[in-house]
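A look at the structure
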Amino acid sequence: WKQSASETKDFRTASYFLRYDHEGKMRMMSMRSTGYRQGVVPRLDALVQKIHRKVGITDQEHGAGMYWFSDGDASVGSHRHVFWSARVALGANRIM
């Protein structure tokens, strides 16, 4: 799991900008992310396959990513993808 620098996107120009706190220090994201690799967690593999079947995804060469939110205050900002995406919540209840 990796914690990245917090950034924002200007949708008019498609440029990304790093975020800084009031002291000028680079802000880190409140969530962590990692890539999905088939075969590491069998129950997750079964879930990915179920999603593929349910929505008709036939492309097995996908770049799935996962987010880990440490607490109820962690979040990911509004953003867009140019590819299909699904949001699956694991663990404690949270408002999406």
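Structure: above.
Residues numbered from 1 in each chain as written. Predicted model: local features only at pLDDT ≥ 70, side-chain atom pairs only at ≥ 80, totals over all residues. Heavy atoms only, no water.

1. Focus on the sheet that holds strand β4 (residues 28-35)
Pairing between the strands of a sheet is mediated by backbone hydrogen bonds and can be parallel or antiparallel. Pairing is antiparallel across the open sheet formed by three strands, whose spatial order is β1-β4-β5. What marks the edges here is a single partner per strand, and that holds for β1 (2-5) and β5 (65-69). Sheet twist, expressed as the mean angle between neighbouring strand axes with direction ignored, is 45°. Of the pairings in the sheet, the one linking β1 to β4 comprises three bridges and is antiparallel in character. Among the inter-strand pairings, K2 is bridged to a residue of β4, identified as S33. (Pairing = 2+ DSSP bridges. Helix = DSSP H or I, 4+ residues; strand = E, 2+ residues; numbered from the N terminus. Axes fitted to C-alpha atoms, helices over the stretch in contact; angles between N-to-C directions.)

2. Overview of the environment of A74
Mapped onto the fold, A74 is located in the segment after β5. With relative accessibility at 2%, the residue A74 sits in the buried group. (Buried < 20%, exposed > 50% of the residue type's maximum accessible area, 1.4 Å probe, protein only.)

3. Description of the pattern of salt bridges
For the structure on display, the rule yields two salt bridges. For R12, the salt bridge is made with D10, and the minimal N-O distance between the two is 3.2 Å. The buried category is assigned to D10, whose relative accessible area is 17%. Where E23 meets K25, a salt bridge forms, and the shortest distance between an N and an O atom there is 3.5 Å. Assessed through its relative accessible area of 54%, E23 is described here as exposed. (Salt bridge = Lys/Arg side-chain N within 4 Å of Asp/Glu carboxyl O.)

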